[in-house]
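# What the coordinates show
What follows is each chain in one-letter form.
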Amino acid sequence: MTQLYVFGGMVFCAMLPFALLTWLVRSGRNGLAVTILCLIGATLAIFIFASGRPFGINPVFAMTVALLVCVPAFLGSTAGAFLGWLLRRQDDRVV
């Protein structure tokens, strides 16, 4: 049962940025979309750095957050930005 909660949390962490960045890029707000991508990437880099160095965060917790929250969020936001770009390109071509 715990595996379903972990999987559900990972799907939620991926789908929320996916939907948000698809909407942002399709509506032409690329600056905000890139800012969100950079924040997620910076959070991922900080947690990966904290997992290998004595940084004040438990290394197991840091790697857990990096792999279960930040990686799905980064992949979802990247896929959402790409889908938004493709949809924006299709909308511009049709008109």
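Structure: see above.
Fair warning: this is a prediction, and the values are worked out from it, not measured in the lab. (Residues numbered from 1 in each chain as written. Predicted model: local features only at pLDDT ≥ 70, side-chain atom pairs only at ≥ 80, totals over all residues. Heavy atoms only, no water.)

### Regarding the side chain of Ser 77
Condition: Numbering of helices and strands runs from the N terminus, with a helix taken as a DSSP run of H or I at least four residues long and a strand as a DSSP run of E at least two residues long. Per-residue accessibility, obtained with a 1.4 Å probe over protein chains only, is compared with the maximum for each type, and a residue is labelled buried under 20%, exposed over 50%, and partly exposed between these values. In what follows, residue pairs with any heavy atoms lying within 4.5 Å of each other are defined as contacts.
Turning to its location among the elements, Ser 77 is positioned in helix 3 (residues 59-94). The class of Ser 77 is buried, set by a relative accessible area of 0%. Those residues in contact with Ser 77, other than ones at most four positions away along the chain, are Pro 17, Phe 18, Leu 21, Leu 37 and Ile 40.

### With respect to the environment of Met 10
Summarising the element assignment, Met 10 is placed in helix 1 (residues 2-26). Sequence separation between Met 10 and Leu 67 is 57 residues; the distance between their C-alpha atoms is 9.2 Å. Residues in contact with Met 10, not counting those within four places in the same chain, are Leu 67, Leu 68 and Pro 72.

### Here's the deal with the pattern of salt bridges
Worth spelling out the cut-off: Note on definitions: salt bridges are taken to be side-chain nitrogens of Lys or Arg within 4 Å of carboxyl oxygens of Asp or Glu.
Applying the stated rule across the entire model yields 2 salt bridges. In this structure, the salt-bridge partner of Arg 26 is Asp 91, at a minimum N-O distance of 3.0 Å. Here the residue Arg 26 occupies a position in helix 1, and Asp 91 occupies one in helix 3, the gap between them amounting to 65 residues. In this structure, Arg 88 and Asp 92 form a salt bridge, with 3.6 Å as the shortest nitrogen-oxygen distance. Placement of the pair is Arg 88 and Asp 92 together in helix 3, with a separation of 4 residues, close to one helical turn. Residue Arg 88 is classed as partly exposed on the basis of its relative accessible area of 32%. Taking relative accessible area as the criterion, Asp 92 reaches 51% and is therefore assigned exposed.

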